[in-house]
Amino acid sequence: DDGGAGDGGAGDRAVAVDADALSVAALRADRMSRPAMKRLEYLRRKLLLCDKEVRDLRAQHRRATAAERYREDLGVSYSREHPDLALGLVNLRVEGAGGPG
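Okay, so let's go over this structure. If you're wondering where the values come from, they're calculated on a predicted model, not measured in any experiment.

What counts and what doesn't
Residues numbered from 1 in each chain as written. Predicted model: local features only at pLDDT ≥ 70, side-chain atom pairs only at ≥ 80, totals over all residues. Heavy atoms only, no water. Helix = DSSP H or I, 4+ residues; strand = E, 2+ residues; numbered from the N terminus. Buried < 20%, exposed > 50% of the residue type's maximum accessible area, 1.4 Å probe, protein only. Contact = heavy atoms within 4.5 Å. Pairing = 2+ DSSP bridges. Axes fitted to C-alpha atoms, helices over the stretch in contact; angles between N-to-C directions. Salt bridge = Lys/Arg side-chain N within 4 Å of Asp/Glu carboxyl O.

**Brief notes about the overall build of the protein chain**
Moving on, step 1. Scanning the protein chain from N- to C-terminus turns up one helix and three strands.
Moving on, step 2. Counting from the amino terminus, the protein chain carries its helices and strands in the arrangement α-β-β-β.
Moving on, step 3. Expressed as a percentage of the 101 residues in the protein chain, the buried residues total 9%.
Moving on, step 4. Sequence separation of 24 or more characterises 8% of the internal contacts of the protein chain that already satisfy a separation of 6 or more.

**Points about the sheet that holds strand β3 (residues 86-87)**
Moving on, step 1. Taken together, the three strands give an open sheet; going across it, the order is β1-β2-β3, and neighbouring strands pair in antiparallel fashion. With partners counted over all chains shown, the strands left at the sheet margins are β1 (68-71) and β3, one partner each.
Moving on, step 2. The sheet strands contacting helix α1 (residues 34-67) are β1 and β2 (76-79), and the helix crosses β1 at an angle near 85°.

**Let's talk about the environment of alanine 67**
Moving on, step 1. If you trace the backbone, alanine 67 turns up in helix α1.
Moving on, step 2. On a C-alpha basis, the gap between alanine 67 and glutamate 81 in space is 7.2 Å, while along the polypeptide they are 14 residues apart.
Moving on, step 3. Not counting residues within four places of it along the chain, the set of residues in contact with alanine 67 comprises Tyr78, Ser79 and Arg80.

**Notes on the side chain of serine 77**
Moving on, step 1. With respect to the element layout, serine 77 can be found in strand β2.
Moving on, step 2. Not counting residues up to four positions away in its chain, the partners in contact with serine 77 are Glu68, Arg69, Tyr70, Leu85, Ala86 and Leu87.

**What to know about the pattern of salt bridges**
Moving on, step 1. All told, the structure shown has five salt bridges when counted by the stated rule.
Moving on, step 2. Arginine 45 is paired through a salt bridge with glutamate 41; the nearest N and O atoms lie 2.7 Å apart. Residue arginine 45 and its partner glutamate 41 are both found in helix α1; the two are separated by four residues, about one turn of the helix.
Moving on, step 3. Taken together, the salt bridges that share partners define one network made up of Glu41, Arg44 and Arg45.

Written out as structure tokens, the structure reads:
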């Protein structure tokens, strides 16, 4: 008995993988095929890039929320430093212009 709680079916073989500790070189002992190893390395690198992108977006979100407060009822963000200052897009329509010319 391997100590598992399941009946030994394929569903019981799911294993959590720590992507940071994953090493393609360490898997060579398992006799993985070269294409499988390349695919695994590609997926590991892609995961690391996605993790970096998520970290960057979280940092950007923290900076934004530190500087502004979003009011859902109005759909507008306001500056935390100047509470009366609405942030975001402004639509201007020029009715007329005057001057020399």
